[in-house]
Each structure stands twice: as C-alpha cells, then as structure tokens.
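Notes for the structure review
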Amino acid sequence: MATERPVSTRHLTVAAWLSLIVFAANSTLLSVSLRHIGTDFGVGYARRGALTLARSVTLALVCLVVGRAADWLGKKWFLSAGMALTAFGLVWTGMSQSYWWLLLGMVLIAAGLGSLESLVSPLVAELHIDQVAAHLNLLHAFYPAGIVLTSLLVGTALDGGVAWQLPFAVTALPVLVVGALFATARYPDADRAARQRPIAMSAVLKNPRFWLLAAAMILGAGSEGSLFFWTPNFIEAEYGTSALMGAAGLMLYSGTMVLGRFGMGFVTRYISLNKMLVVLAAVGGLATAALSVVESLPGTLALLCVAGLCVCSFWPGTLSLAARDISVSSSTVYGMLAVGGIFGFGVIPYVVGLVGEWFGLRAGISVIPIAFAGALLIYIVALLAGRPETQS
C-alpha cells in the first residue's frame, strides 16, 4: 500500500502569502488607472465608480457560493480555477477597447478573486490550527504590503507613458504562477471521505456569535476602507498639498498596517486576541476622532500611522475569533464573514463621502471613529461572553 503524501504546509502557506500580494495588485491596478480609464473612454465619476461596484457585488456573490461548495468538494480546484479565471480576466481587461469590455473584465477578475477571498483564510487556519490568530495576521499583512509595492510600480509605469491596459495583462503572469502553486499541493481536506459533514448555512445564520462577528467585520472593514479610500483626498483638500503628499499619507497608513499585522502575529502568541482587539479598537477610535479635529499636517500623518496600527487586526482578528468560536475549517463561515467585510468596505466609505458632501470632508471623517466605537462594543461583548464550544 502506497504511503499517503503529507500535507504541503510550507508550499501552501507561501502560495497563500503570494495570493494576497496578487489580490492587492488587482485592487491597485484599478485604483491607479481610473483617471486614465476615464480619459480614454470618456466616462465620468459615476461610470468609473460602477466598475468598483460591479467588482464588489461579484466578489461577494462568489464568496458565498464558493465558500459553501468548497466545504463539500475541497479547496484545491476552486483556488486553482479561481486564479486561472483571474488571469483570463486580466488579459481580457488588457485588451479593452471600450468601457463595456472593461466592465466585463472587472466581473471576470472579481469572480476569480472571490474564490481566493473565500478560501485562503480557512486554508491557512487549517494548516496552522494551533496558531490560527498569529498566522492569519501574518497572512493578511501581505495585502497592504502588496498595495505599497505595486502602487509605486504601476504609478511610475503610467507616468512614463505606458498604456493602462498593459499592467493588467502583465499581472496575469504572477497570478498564473500562484494558481500553479495551489494546483500542485496536497491539501488538509484532500480526502473527502474522512471529512465531517459541513456546517449548514442555516445553522450559521442561527448562531448569535456569527452575527456578532459579522457586525465586527462590517465595522472593521469599513474603518479600514474609509481610511484607505479617503486619506489622499483628505490631505490634499484640508492642507492644500500635492497629490504626491496625499499618496505619501496613504503609504504611511498602509505601511503601518503591514508592520502591525506582522507584529500582531507575534503578539497574539502571548496576549489574548480578544483583549488585544478591545485595546486596538479603543486606541483607534481615539486616534481617528483626533484625526477629524487636528489641523496639523504632521499631526494628521502621525494619527494615520496610529490608525493603521490599530485597524490592521480587525479583519484577520475577527476571522480568528470565528475560527475559535464557530469553526476552524468551514469555508462557509469564512465566506459569509468575508461578504460582511466586503459590504462594510464599500458602504462605510460611501457614508463618509455622503457626510462630507453635506458638511465637509473633515466632518465626514468623524464617521470613522463611530465605526471604531461600534467595533469596540462588539469586541467587549465577545470578551465578556466567553468562549463557546467550537465546531469542526
């Protein structure tokens, strides 16, 4: 009888890290190219915004469907096929000659990335079941790191006269490499016969802890997304600076998120995850409240660094609580929580803009500490409620 191959833990861990970098690259490509897209196709802000909306809706729907399907069929081919579809969408987008061609490309890319969003976190949790919080923080550090790395490359290329379509097509190559890594590994759930019956979606929806953590995902991701989306505009509008200074503020924020996620992966080995999230939510709320009233550029930049350090663990930390309190391996649970995060990432920045339209962007920024306060309340409730029995 042949010996069963062991799980490819290191192989899959590296693939997961690289997948978050290519995910970030896809987000950066659209953001940095928007002005060029609008000029080339003659579309205004509404149609440019529709590209992001189509991307978010597709991402959320695929997260739900794939998360559920992977609990029955395993993660391997969903991750591999998702990367292949992403690469196809990038090449399609790289050949765009019209707005509607581009819109379809965004949908194809998002459909592929939906598999990644839904499955990479539960995969890492299964691979490192004894150190879930540390490894999820480490994993998600590669997303802001990818933004820092790729934004400079793409921005420099576009400023140098490269057509905006070319970076999309070129990015298909590393995406295919990541897909090949996912396709050639041995997974923890490879033997379906040995797997337990997956958690029913109805059972997840009936679990009060799920709704608590879903609310935390919405507020945490909304805080992260609002700072990511509005920081450059806020610095430029409030201090009359150049676009370069606005971009520098965004890089400071993203850079401290990277440092925070790498650091929190170490800290959670020694400090309770729940207690850490309570402290970070409290400090982050104070920092972002100060951000809405401090009228000093150096002070604003310093507060953005503090906010980046505090918001960095909301997404991976909440997923870690789900792994501890609901299920460490259910892709359904992770996918449903990811949908909450996607919703918050889109809606709360919109609310910031809406308030800013009426009362000024500084007033709009005051929405962010309110989201932090809501997250703080949720993490306190989760801490006081204790740790329920975990399902497999």
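See the structure above.
Just so we're clear, the structure is a prediction, and the values are computed from it rather than from any experiment.

1. With respect to the overall build of the protein chain
The number of helices and strands found in the protein chain is 15 helices and zero strands. Taken over the C-alpha trace, the protein chain has a radius of gyration of 20 Å; the compact-globule value for 392 residues is 21 Å, and the two agree within 12%. Once the C-alpha set of the protein chain is aligned to its principal axes, its extents read approximately 70 × 50 × 35 Å. For the protein chain, buried positions account for 54% of its 392 residues.

2. A word on the packing of helix 8 (residues 208–239) against helix 13 (residues 331–359)
To describe two helices that pack against each other, one gives the angle between their axes and the distance between the axes. Between helix 8 and helix 13, the least distance of the axes is 6 Å, while the angle of their chain directions is 45 degrees. Taken together, the axis directions place helix 8 and helix 13 in an arrangement best described as oblique. In the packing of helix 8 onto helix 13, the handedness of the crossing is right-handed. Looking at side-chain class alone, the contact of helix 8 with helix 13 contains 17 nonpolar, seven polar and one charged residues.

3. Some details on the packing of aromatic side chains
Considering all chains together, one arrives at 12 aromatic pairs under this definition. Their ring planes at 45 degrees and their centres at 6.1 Å tell us that F88 and W92 sit as a pair that is tilted. Taken together, the residues F88 and W92, both in helix 3 (residues 76–94) and four residues apart, mark about one turn of the helix. W92 sits in the partly exposed class, given a relative accessible area of 22%. Measuring from ring centre to ring centre gives 6.3 Å for W358 and F359, while their planes differ by 85 degrees; the resulting arrangement is edge-to-face. F359 matches W358 in its accessibility class, with the two residues each being exposed. Counting every residue linked through ring pairs, the aromatic cluster contains W17, F142 and F262.

4. Remarks on helix 3
Counted at 1.5 Å a residue, the expected span for helix 3 with its 19 residues is 27 Å, and the 27 Å between its end C-alpha atoms agrees. Three or more residues of helix 3 are buried, namely L79, S80, G82, M83, T86, A87, G89, L90 and T93. Buried residues in helix 3 make contact with helix 1 (9–41), helix 4 (99–127) and helix 6 (165–183).

5. Describing the packing of helix 10 (residues 273–291) against helix 15 (residues 367–385)
Where helix 10 contacts helix 15, the two axes come as close as 8 Å, and the packing angle between them is 160 degrees. It follows that helix 10 is roughly antiparallel to helix 15 by the angle criterion. Handedness of the helix 10/helix 15 crossing: left-handed. Here helix 10 contributes N274, K275, L277, V278, L280, A281, A282, G284, G285, T288 and A289 to the contact with helix 15, which in turn contributes I368, P369, F372, A375, L376, Y379, I380, A382 and L383.

6. Section: the pattern of salt bridges
In this structure the tally under the stated criterion is five salt bridges. Two residues, D325 and R209, come together in a salt bridge whose shortest N-O distance is 2.6 Å. Highlighted residues: D325 in helix 12 (residues 314–325) and R209 in helix 8, separated in sequence by 116 residues. Here D325 and R209 have matching classes, each one buried. Residue D325 pairs with R324 through a salt bridge whose shortest N-O separation is 2.5 Å. The exposure class assigned to D325 is buried, which follows from its relative accessible area of 3%. Overlapping salt bridges bring together R209, R324 and D325 as one network.

How each quantity is defined
Residues numbered from 1 in each chain as written. Predicted model: local features only at pLDDT ≥ 70, side-chain atom pairs only at ≥ 80, totals over all residues. Heavy atoms only, no water. Helix = DSSP H or I, 4+ residues; strand = E, 2+ residues; numbered from the N terminus. Rg over C-alpha atoms; globule rule 2.2 N^0.38 Å. Buried < 20%, exposed > 50% of the residue type's maximum accessible area, 1.4 Å probe, protein only. Axes fitted to C-alpha atoms, helices over the stretch in contact; angles between N-to-C directions. Parallel < 35°, antiparallel > 145°, perpendicular 65-115°, else oblique. Left-handed = near helix turned anticlockwise from the far one by under 90°. Nonpolar A, V, L, I, M, F, W, Y, C, P; charged D, E, K, R; others polar. Phe/Tyr/Trp six-rings, centres within 6.5 Å; stacked < 30°, edge-to-face > 60°. Expected span 1.5 Å × (residues − 1). Contact = heavy atoms within 4.5 Å. Salt bridge = Lys/Arg side-chain N within 4 Å of Asp/Glu carboxyl O.

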